[in-house]
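Coordinates in review
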Amino acid sequence: MHNADASSRLELVLERFRSRKFARFAVLVLFALAGLAIFAPFIANDRPYVVESIDRPRFESARRTLSVAANELAALIATGRAAHEAERVDPSAPTFDAALELQAAAIETRIATMSASLAEPDRARLVEIRADSRALVAAAKRGEDRVAAAREFATRVATVARDSAPADGKLERDIERDAERDTARGGVQLVAAVTHPLIESLAPLEVACMVAWLGVLAAALVAKLAGARAPRRRTAAFAVLVLALAANFGWRAASGFGFVPATSSFKVAATRGELEIRRAIFAPIPFGYAETNLSEVDRAPSWLASSESARYAASRGSSDASGAQASIEVRFGEPAVDAPTRHLFGTDSLGRDLLARCLWGSRTSLTIGGAAALALSVIGVLLGALAGWFGGAIDFAVSRTIEVVQCFPAVFLIVFVLSVARPEGVGAAFAVVALIALFGWTHVARLLRAEVLRLRGQDFVVAARAIGASNARIVFVHLLPNALQPAIVAAVFAAASALLLESSLSFLSLGVQGPMPSWGSVLGDSTSASVWWTAAFPGVFIFVTVLAVHRTGEALREALDPRSEG
Amino acid sequence: MTIESAPRTSRRALLGFSARARHVWLLPTFFGIHLLIFVLVHATPGDPSLALGDSSGPDAQSSSSALVEQRAEFRAEHLLDAPLWKQYLHYLGPFDLSARGHRWFGGSGEHPWGGVLTFDFGHEFRRPQVSVGAELLARLEVTVPFAALALALSFALAIPLGILCALKRGQFVDRAIGSLLVGLFSLPVFWASLLLVLVFGATGLDWLPVLGLHDKDAAQLSDAGSLFDLARHAILPLVAFSYGGLAYLARQMRSSMIETLESDFIRAARAKGLPESRVLWAHAVPNAIFPMITLVGSLVPTIVGGSILVEVVFQIPGMGRYAYEGFLQRDYNIVMATTFVSAVMTLAGLWFADFAYAVVDPRVRRA
C-alpha cells in the first residue's frame, strides 16, 4: 500500500495521509484560505496599488508654511543659544540644538512634499534651499554668528515659495489671497507624483508571511512538476510558514493588535476632487474593510435584481425617486452604481462591503483559532505529561483540575470572565486567545496523561532510566515524541473548536472589537432577517474552514493509527 | 466549545477513568466548581463593584450618588472588605455572614441564610426587587426541558443512524451519511440558527414562527391551543440544539457498533449458530449502546453552552439568554449564578451517566 522506500515514520504517515482524497482537498482548501487571509490587503483594499496624482492642497499648504518655518529658524538663530536656553519655552525641544533640529526638519518635510510634485528645474531651487538650511543649522550649532545669513536665507525662501505658486492653481483659497497672487511671478507647472499607498501600508511581517506562503506554493509546485518528492525541503518551507504566522501573531499581540489604519483618506479625497488623479490602479475589490458608506446601507448583493439602485432607493423609502441614481455615493475607483460586481456579498448596516470584511475577517479568525489551538496544546501537553509522569500529588491536582474545568461550558466561562474583567491592557483578541487556551486544554491533557501512563512502564523507558537518564531527558527525548500522537490529532480538532468558539464570542460581540472584522463579528452585525446576506455569507467561511480542519484531523488520525486500513 | 472527537483508542481508557472516579469525586468537584468561580472573580484585575454602573443601558445615566450607594451596597452584600476566607464561606453558604446575616456570626438575623448552597445569588443590579435565584429557576424551566429533549432527540436519531452505518460499513450509504454527519458537526450553532430563522421564518418559507416561545395573542388561546403554539415555536430551536449532538453521537455509535461486531462474543454467538438477527439485536446492539450512555457527560456542556447562542438568536427566555443579558448589563450576580448553574448541570449529567452505566454494566458496579 505505501511506498517501500519511505524510510522514516513521518514519511509513512505522510504517505498514508496523502492517499486520502478528501484530506488532500481539505488541506488545499485550508492553504487557499490562509492565502486569502495573508493576501487580503492585495485583494480588498481602498488604497490603490499605484497612483499618479497631484495633491494640490498638500502642496499648497507645504508651500505656504515653508517661509513661516524659515522665518522661525531665522528668529531662533537671532535669539541665540544663551537667550533660548534661559527661556526654555518649548518642552519638545529642550536645548537650543534640538530646537534647531526641529526647525530644520520642518523645512525639510515641506521641501520633500513640494519636490514630489515639481519638475526638475523648479525642484533644483528647493534642493539649494535645503542645502543652505543644513549649512546654516550646522554653523549655528558650532556657535558661529549667522544672524544676518539667516535673515537673508528667510527672505530667499519666501521668494522661492512665492515663485513656486502653481500656474494653474484655481483653488478658492488662492483667490482670497489676492495680494499673494499678484506678486506671484510666472508660476510653476505641477507634475504628478507616483506613490504606492497599498504597499507602503504593509507591515514587514505581513510581507514575510506572503513570501513564506509563496515559498510553500512554489515548493509544492516544483515537487509536483518534477515528479520527485522533496519532503525535507517542503517540510522546511512549511515550518517557515508556521513560524512566520506565529511570529506575526506574537508581534500583533505585542502591539495590541494594532492593524494597519482602518481606512485611508485617499478615496474620499479623490472623490471630492482634491486630488488630480492621472492614473490609479486599484485592488480587485476597491473597498476597505472599515470603509463606511452611509448612502449604501444594507444593500443586497449587487448581482441581484432587487439590488438595482432605483429599487434599492425605493425600498429605503427615499422620497426622491427621480434622484435615485444620485442617492448612492460612488467613490473614486469603485464600480458603477448598478455594476453586478459592485458588492458581490452586499453591504452591512454601515454600508461596508461584506466581501472585503469577510476576507479581512479571515485574518483575525484564522490567527486566533490557530494561536489558541497552539497555546492550549502546549498547556495540555505540559500538564498531561507532568501528571502522567510524576503521578502522586501532581497527578491528583491536575486530574481534579481537569474534572472541574471540564464541567464548565466554555462559552459560559468566558462570558463570565469577560464580564468581570475588562481586558483593556492586553487587547480583546489576546484576551480571547488566552481564555480559550486557559479553559480548553483539558482534553489534550487527559489524552497525554493516559498515553504517558501507558508508556512509562515500557522497556525503552526503563532502559533509559537504567542508564541514568534524567527525568527531563526521559520525558522530553523518549516519552513525548511517542506520546504526542493523540495530542497532535486532538490539537487539530482543537483548532476547529477554537475557531468556532472565537466566532461564537465575536458573534455575541464579546470577541474582537472595533473596525477589524472577524467572521463571527461580521455575522453578529446582522441585524434583521430581511438582510439575509449579512447572515449567510460569513457563515460559509466559518463552515468551510471548520469542515476542512475536521477532515484534515480525521485523515491525520487514520494515518497515524497503524490499525486502520489505509 | 464543540466536543472534540476523541481518538478511538482512548475511549475505553476515558470510560474507566470517569466511572471509577465520579461517585467519590462528586462533592469535591462541586466545591471545585464553586472555588474556581470564586478564584476567577478575585484573580481578575479590578474591583468588582467598579463594574457597576458602566453598563451601556439607559440606566447608566443614573446619578453618581446613587451609583456610590449601589456600589457600597454591593460591597456589603458580597463582604468585599472582609478577609478572603470569610468572603468564600459567605459566598458558599448556607450561612449569611454579612451584617444582616445569621445571629451566630454576629449578624442581625434579618437574612440568616445565603450563599450558593441555599440557591441564593443575590438580586439583579437593574431590578433590585428581582432575586437572581428565582429568576434563574424560571429560566431553567425553559432551558432544562429544551436541553433534555434535545439530548433525547439526539440519542433517538443517532443510535439507528450509527447502527445503519456500521452494518453498511464502507458502502455508499455509510459514506454518504458519514459525510453528512461531518458537515453537521462542522456547522456553527449560531449560523445554523440564523439560517433556520431565514429559511423557515417570515422572510423565507414562512412555515414556522421563529422568535420567542409564544405568539403575542397566546394568552387568549385554550390549553391545547397554547401547547400547540408552544410546540410550533419549539421546533426550530430544538433542531438547533440537537443537530450537533446527533452528529457526534451517530459517529460514536458507528464506531462502537463496529468495535462490538468485531469482538469475540459476537463471533462466539455466530459460531454456536444463532440466527443473524438475534446476534445483532440481542447481543451486538445492546452492548454497543451501553457505552454511549457515558457520552451524556460530554454532551451536556455542549448543549448548555450552545444555549447562549440558540436562545439569543431565537429570543427564548432561557438560562443562556439570561447569562448574555447579565453580560450586557455587567451584572455580577447574574453571570456568577448562570456560570455556576451551567457547571452544576454538567456535573449532574456526568453523575447521571455514571449511575446509568453502573446500572446496566455489572462490571462497573463491582469496580
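The structure under discussion appears in the preceding block.
About the cut-offs
- Residues numbered from 1 in each chain as written.
- Chains lettered and ligands numbered in written order.
- Predicted model: local features only at pLDDT ≥ 70, side-chain atom pairs only at ≥ 80, totals over all residues.
- Heavy atoms only, no water.
- Helix = DSSP H or I, 4+ residues; strand = E, 2+ residues; numbered from the N terminus.
- Buried < 20%, exposed > 50% of the residue type's maximum accessible area, 1.4 Å probe, protein only.
- Contact = heavy atoms within 4.5 Å.
- Axes fitted to C-alpha atoms, helices over the stretch in contact; angles between N-to-C directions.
- Parallel < 35°, antiparallel > 145°, perpendicular 65-115°, else oblique.
- Left-handed = near helix turned anticlockwise from the far one by under 90°.
- Nonpolar A, V, L, I, M, F, W, Y, C, P; charged D, E, K, R; others polar.
- Salt bridge = Lys/Arg side-chain N within 4 Å of Asp/Glu carboxyl O.

This next bit is on the overall build of chain B. In terms of regular secondary structure, chain B is built from 13 helices and zero strands. Listing each helix as α and each strand as β along chain B from the N terminus yields α-α-α-α-α-α-α-α-α-α-α-α-α. Classification of the 367 residues of chain B by burial places 53% in the buried group. In chain B, once contacts between residues fewer than 6 apart in sequence are set aside, the share between residues at least 24 apart is 65%.

Here we come to the packing of helix α4 (residues 132–167) of chain B against helix α5 (residues 172–186) of chain B. Residue and element names in this part refer to chain B. Where α4 contacts α5, the axes come no closer than 8 Å and their chain directions differ by 135°. Judged by the inter-axis angle, α4 sits oblique to α5. Considering how the two elements wind past one another, α4 and α5 form a crossing that is left-handed. Contact with α4, carried on its side by L161, L164 and C165, involves V173, D174 and I177 of α5 and no other residues of that element. Its residues assigned to classes, the contact of α4 with α5 comprises five nonpolar, no polar and one charged.

A few words now on the interface of chain A and chain B. Each side of the interface is counted separately: chain A has 59 residues, and chain B has 63 residues. Taken together, the links from chain A to chain B amount to one salt bridge. As a salt-bridge pair, E554 of chain A and R251 of chain B come within 2.4 Å of each other at their nearest N and O atoms. Every element with two or more residues in the side of chain A that touches chain B is listed here: α18 (392–407), α19 (410–420), α20 (428–440), α21 (442–455), α23 (471–507) and α25 (532–560) of chain A.

Once that is clear, we can look at the packing of helix α2 (residues 21–38) of chain A against α25 of chain A. Residue and element names in this part refer to chain A. Where α2 meets α25, the closest approach of the two axes is 8 Å, and the angle between their N-to-C directions is 135°. Between α2 and α25, the angle is such that the two are oblique. Considering how the two elements wind past one another, α2 and α25 form a crossing that is left-handed. Along its contact with α2, which presents F22, A23, A26, V27, V29, L30 and L33, the element α25 presents F541, V544, T545, A548, V549, R551, T552 and A555.

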